[in-house]
Structure formats: C-alpha cells, structure tokens
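# Topology and contacts: notes
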Amino acid sequence: MASNEGFLTDEQREMLKIASQNLEILSSSPKSPSSLLSDHQLKVPVAGKAPTAGIAVRHMRRSHSGKCVRVKKDGAGGKGTWGKLLDTNVDSHIDRNDPNYDSGEEPYQLVGATISDPLDDYKKAVVTIIEEYFSAGDVEGAASDLRELGSNEYHPYFIKRLVSMAMDRHDKEKEMASVLLSALYADVISPAQIRDGFVILLDSADDLAVDILDAVAILALFVARAVVDDILPPAFLTRAKKTLPESSKGFQVIQTAEKSYLSAPHHAELVERRWGGSTHITVEEVKKKIADLLREYVESGDTVEACRCIRELGVSFFHHEVVKRALVLAMEIRTAEPLILKLLKEAAEEGLISSSQMGKGFARLEESLNDLALDIPSAKTLFQSLIPIAISEGWLDASFTKSSGEDGNVQKESEKVRRYKEEVVTIIHEYFLSDDIPELIRSLEDLGAPELNPIFLKKLITLAMDRKNREKEMASVLLSALHIEIFSTEDIGNGFVLLLESAEDTALDILDASNELALFLARAVIDDVLAPLNLEEIGSKLPPNCSGSETVHMARSLIAARHAGERILRCWGGGTGWAVEDAKDKIMKLLEEYESGGVVGEACQCIRDLGMPFFNHEVVKKALVMAMEKKNDRMLDLLQECFSEGLITINQMTKGFTRIKDGLDDLALDIPNAKEKFSFYVEYAQKKGWLLSSFGSLAADASFLC
C-alpha cells in the first residue's frame, strides 16, 4: 500500500485514508450498524426530571474493544480514536532514513530573491568611471564610458557623485572634476541634468557637512566655477535660494558662492585658479616647454631623450611649434643645425611629427621671415637652404616647394594687405591698452582701406582669443561700435567667414578656438551686429563638414538656449556687455523724465553721462517709438539738440532710424499709425540733415511708405 501511494494524488490519498478508517470501525464492531442506532436513542424525560441529553450518532464511535466513546466535534477524537483528518496539534516528523521517505513530503520553504535596482547599479558603475578618471585624467575616456553606460536619466546622480567624491580629495581632483563637467556639458549631459545634479548636491549639503568639515565652502566654489564655466546660468543661484530653507547648508552654499566668489573683482580668473589652475596646459606653457627641451637637446645631443620629451608633452596637434622653434634655433646657432635636422628627421621617421605638422611648421616660419630677418639678417637665405635638405631626406613633402613659391607670389602681389595687417595689429594693441573706441575708429579711417575691413575683424578676434576675457569683451563691444560707424553687415559677415575658413589653423595655436569663435558669433547676434539669418548665409559659404560649419552650428545652439541673451552677454565674465542692458534701462528712464516735462540740457547731459557713444542709436530708436506712442513730437526737439551738439552722430542717427524701419511691421501691431508717423519723421530728419544720403534710397524702396 505504502509503495502504491506514491502514484496517488493528495486528494486520492485523503479519500483512501477516510475509507480505511470507516472500514476498521465497521469491522471491529460486535453489533450490526442498525443496533447502534437503537442503543443510543434520545430518552424521554420521566417524573419531571430534566432530560438526559442523548448523544447523536455522528458524535459516537466504537473503540476496538467495542465500547462506545464520545468523540470530539469534527472528529478530533478521544481515547481510542484516530483524531481528525488534518490534526495540526500532532507534530509530524519526517525521517529521511525511512525506506518510504518521499522528498515531495518535505515542507516548502520560500527563498527571498534579490531585486536589482537600476539606479543602484548606475551609482556603482559611475564610481568606477570616476575613480579611473581621477587616476588617468582621460576626459575623453570618461565621456566615452559614460555614454556606453547609458541610463541617461540618472546623469544628475553622476554630477552629485563626481563632485562629492572630489570634495573629499585634493585640489587636483577638484579641478579635474570641474574640467570634466565642462567637457560633458551639452555633449553627454544636458544643461537641465547639470542643473538637477547641482540641486541634488545642494539638498544633500547638510549630509556632506557631517563628513567634510568645510563642505559649504568647497561646494560653493564648485557652484561658482560652474557659473564661470557657463554650465550653470547665473539665474540658477536666485532660483535655488527660493527653494532651500534659510537654515540649511545648501542656502549657505548659495550665499557663499554669491558673496565670496562671484561678486569679487576679476572673479572669473580667481575662481578658475582657486584649485591651482586648469589641468589643461596653456599654449604659453607648451611653448616654454618646447623651447626648454630644444635647448637641452642642443647641449646634450640626445635625440632619443628629446623625442621622449616631445612625446610626453601630449600635444600632437601642436608639433608644428616644435618644427618652427627648432628651425629658428638652427638659424640662431649655426653649429646646432646638424643636430636640429637630425632631430626633425628622427621625429618624422618615428611618426612622432606627422607630415602635415612638419609642413605647417615650415609654413609658419615662412610667414614670419620678414620679422625674423630683423634679428637674423640671413633668415630668408638660411630658410631656403633648409627646404631642399628636408625634402631630399624625406621628412618634408615635396609639394611644399610649389606652395611656397605660390605664397611668395601672393605676398608680392598683396604688399598693401601685409602693411595693412601690420598697422591694424598696432591699432588693436593700443585699443586693448586704452579702451578708446573713437580713437581706434579715427585710426582705421586714416588707413583709408574700407575694402579690408573683414581682415581687420579677423585680426581683432584672433588677437582677442589668445588673451583674457577682458580683451574678448572689449573686442565684442568694439564690433558693435564699428558696425554702427564704419563697418557694414557685409563686412562683418565676410570677416567671420575668413575666421571660420581658417578655424582649423587657428585651433593649432588656440586650444579652445572653436568654442571661442562660437561665442563671438553668438554675441554678435545678441548685440544686433548680425541677424540670425546672417548665420545661415555665413554657413552657406563654408564647406559642409568643416570645423567652421560646426562652429556656426554651435553658435545657433547657444542662441536657441533659454536665457541666451543674459548668458551670452556674460560670456566673457560680465562688464561692458552687461552695461548695455543697464544702458537700455537708463535711456528709457531719461526719456520718460524728459517727456514728462524735463529740460533738454539735462537730458543731453544724461545721455553724455552714459559714456556709450556707440550705443546712441538706442536713444534715437526709443525716442521715436515714444513719440509715436505718446503722440508727442517733443522728442524731435531732443534729437535735434543732440545732433547739433555732436552728441549723436549722423551714423548713430541713421542706425536708429534703420532699426525702426526694420521693425516697423511689428511696431504697427501696437501703434496702428506707426508707418504714417515714421514717414513724417523720416522727412523731418532728412530736412534737418540727420540721415546719411544712403538712407534716402533705402526709404524710397521700403514697403512702409506704401
């Protein structure tokens, strides 16, 4: 039986057990089943006594001795009974040594399974990425690892983990963390995720302060650095303060960032240098190292050591500087020429210096031969003697001779251009020292070469890009002034085309040239020097996949971002760009005061006190709009006085009228008779001689007179 039960279901086993019990009861009873009923009928009460309760048949069983016993309800049993079918009071024991042991009778045991959390997995993975980055310093490698990791929605937690890990380390790691954030911004991690990451950091500042004593100061510096690096907008600080409790450490972080770092003079440079400077080596530092290693090589003659030093610089894109300086050193120290030629040949054969870098180095030296000849009279002759040696030994491309000859012919044909470039470099250097825009404009007019204005723009921005933010800001302000006074939109557009065409060459000397050019382009649009449509025109003149086209695309992205105007005006660390916004507010206030009964002389003095003569076209524009809105021609008297005193020039006046004409359709939505009023103002201005003659032909063709 036992062996057969293994083939039965649980239900069948239960039925078999009940049948067996019933069979044993019936077989052991000496009476028939019917006698059981007669022996246990309910008795009728006698003589008024209380009835004696009978026992129902279903509660009676007979033991093996034949004695009737009362069983418990539901068959839980009594003495001599089997107990109820599922008796939970009896401890069952399974003996695994029993021959009839069945493993299926073992009780089930639930085993808990670990559920994987994607966020926890992400946090663990980024710790490894960050540790490797701190060890190797490979920005591109870290960016690639983060892309491969995926889970882009968790990137704010990467920001938190990166900064919190750096906070508990040395200044080197803090600087590396800031550099990595700038590299990942917009390319791998979106601006919104950068912002969310810093919000999480601010929310957890109280917890960070428990483990890091100066957590508030360090985190404030990270926030300030993010603002300086343009990965957080300045408005982030204001919004964050509104969401944080004043008693929290996060609120203290924002206050410290604003008061201790971002409000200090020259704060951008101070914040960037706070952790010991950038981890990226600067151009000047590279040049110094190249000069030092070449001089050491000339003294020691160890070619292998020199090649090792060049390789350790880690700037393969800048090896043309090694070539140029090596050739100059060969000209300066004639006895060193054999050693220099040996080094260049060895570097070329090892693939250390590519053929393009070699050619670039020779080309750069050729361009500066005129200046070099002042110190080394035989520089041109020596240079020409080096070219055939390099070509014959195979480390200079033979095509260089042809291109060199063509460049020489161009130089002879464009002697005027060469002299112009020399003159404007001097003019630009003087402007960077004096900040005198009117003097610069007079100097350009004295040169008498308006057809070369695009070359001036290229030279201005190229020189500014290799300097500090102050000079970059001055260059942008100067473009606004030149556009109003002597440069046409076409001149500025062509100048940017020249810049973008040579973007790859510029990047050889200026490491971050592409980003800098994109900011200059975007700033020109924000300052109304270029229209957004001009960016498309500039892009159409460039090859589709060149570095210049990518720069134009980057500029469009900057302009399309939220709060682009504010951010781009502050892209060089504030200063004059921010003053333009302040000037607009001041112009509106002084015009409102004058319109409400002010004196002409006081209004003119206020305009003069602004100290922004290149921005007086804004006075003209706002004055004309206010005259249309208030239906009060008193503003014309103010413009006449400003023009008579020379406070507003004819160029500024024409620019102001042109800006009104360009936006007249939009203005007509608020002022229905704007076109008629403007037509009257144009006639009045022409009679008074306020406008250039060229404006008359433009006005005659304009649709607003229809």
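All figures in this text were calculated on a predicted structure; none of them were measured in a lab.

## Some thoughts on the packing of helix 23 (residues 453-465) against helix 25 (residues 489-501)
At a minimum axis separation of 8 Å, helix 23 and helix 25 run at an interaxial angle of 55°. Compared by their axis directions, helix 23 and helix 25 come out oblique. Crossing hand, helix 23 versus helix 25: right-handed. Every residue of helix 25 that contacts helix 23 at N453, P454, I455, L457, K458, I461 and T462 is listed here: D491, I492, N494, G495, F496, L498 and L499. Partitioned by chemical class, the residues of the contact of helix 23 with helix 25 number eight nonpolar, four polar and two charged.

## Description of unusual backbone geometry
With the exception of glycine, the majority of residues adopt a negative phi angle, and the majority of peptide bonds are in the trans configuration. Positive phi is not limited to glycine here, since S151 has a value of about 50°. Its place among the elements puts S151 in the loop between helix 4 (139-149) and helix 5 (155-167).

## Section: the environment of Y297
Considering the arrangement of structural elements, one finds Y297 in helix 13 (residues 283-300). Of the residues examined, Y297 reaches a relative accessible area of 1% and is grouped as buried. Excluding anything up to four places from it in sequence, Y297 contacts D302, T303, A306, L339, I340, K342 and L343.

## Considerations on helix 33 (residues 617-630)
The first and last C-alpha atoms of helix 33 sit 20 Å apart over 14 residues, in line with the 20 Å expected at 1.5 Å per residue. Within helix 33, 11 of the 14 residues are buried, leaving the element largely enclosed by the surrounding structure. Among the residues of helix 33, H617, E618, V619, V620, K622, A623, L624, V625, M626, A627 and M628 are the ones counted as buried.

## Digging into the nonpolar core
If you look at the biggest cluster of nonpolar residues, it comprises 63 residues, and the most contacted ones within it are L146, F158, M167, F198, L219 and F222. No other element matches the 12 residues that helix 9 (residues 215-228) contributes to this core. Leave out the neighbours within four places in its chain, and M167 touches K174, L208, I212, A215, I218, L219 and F222.

## Let's talk about the pattern of salt bridges
One pass over the full model with this rule turns up 23 salt bridges. We note a salt bridge from D171 to K174, for which the minimum N-O separation is 3.9 Å. Within this pair, D171 and its partner K174 are both found in helix 6 (residues 171-184), separated by three residues, close to a single helical turn. Accessibility expressed as a relative area gives 38% for D171, which makes it partly exposed.

## Comments concerning the packing of aromatic side chains
In this structure the tally under the stated criterion is 10 aromatic pairs. Pairing F657 with F678 gives two aromatic rings, centres 5.9 Å apart and planes at 40°, and the pair type is tilted. Within this pair, whereas F657 is found in helix 35 (residues 650-662), its partner F678 is found in helix 37 (residues 674-688), the two being separated by 21 residues in sequence. Side by side, F657 and F678 carry an identical accessibility label, which is buried. Ring pairing ties together the aromatic residues F680, Y681, Y684 and W690, which thus form one cluster. Across from the ring centre of Y594, 4.2 Å away, lies the NZ or CZ of R634, which sits over that ring.

## Some details on helix 4
Turning to helix 4, its buried residues are V139, A142, A143 and L146. In a view along the axis of helix 4, the buried residues occupy a sector of 100°, so they form one face of it. The exposed set on the far side of helix 4, more than 90 degrees from its buried face, consists of E140 and E148. Elements in contact with the buried residues of helix 4: helix 3 (118-136), helix 5 and helix 6. Count one or two residues on from helix 4 and you reach G150, which has phi positive near 70°.

Cut-offs and rules
Residues numbered from 1 in each chain as written. Predicted model: local features only at pLDDT ≥ 70, side-chain atom pairs only at ≥ 80, totals over all residues. Heavy atoms only, no water. Axes fitted to C-alpha atoms, helices over the stretch in contact; angles between N-to-C directions. Helix = DSSP H or I, 4+ residues; strand = E, 2+ residues; numbered from the N terminus. Parallel < 35°, antiparallel > 145°, perpendicular 65-115°, else oblique. Left-handed = near helix turned anticlockwise from the far one by under 90°. Contact = heavy atoms within 4.5 Å. Nonpolar A, V, L, I, M, F, W, Y, C, P; charged D, E, K, R; others polar. Buried < 20%, exposed > 50% of the residue type's maximum accessible area, 1.4 Å probe, protein only. Expected span 1.5 Å × (residues − 1). Core = buried A, V, L, I, M, F, W, Y, C linked by side-chain atoms within 4.5 Å. Salt bridge = Lys/Arg side-chain N within 4 Å of Asp/Glu carboxyl O. Phe/Tyr/Trp six-rings, centres within 6.5 Å; stacked < 30°, edge-to-face > 60°. Lys NZ or Arg CZ within 6 Å of the ring centre and 35° of its normal. Arc of directions from axis to C-beta.

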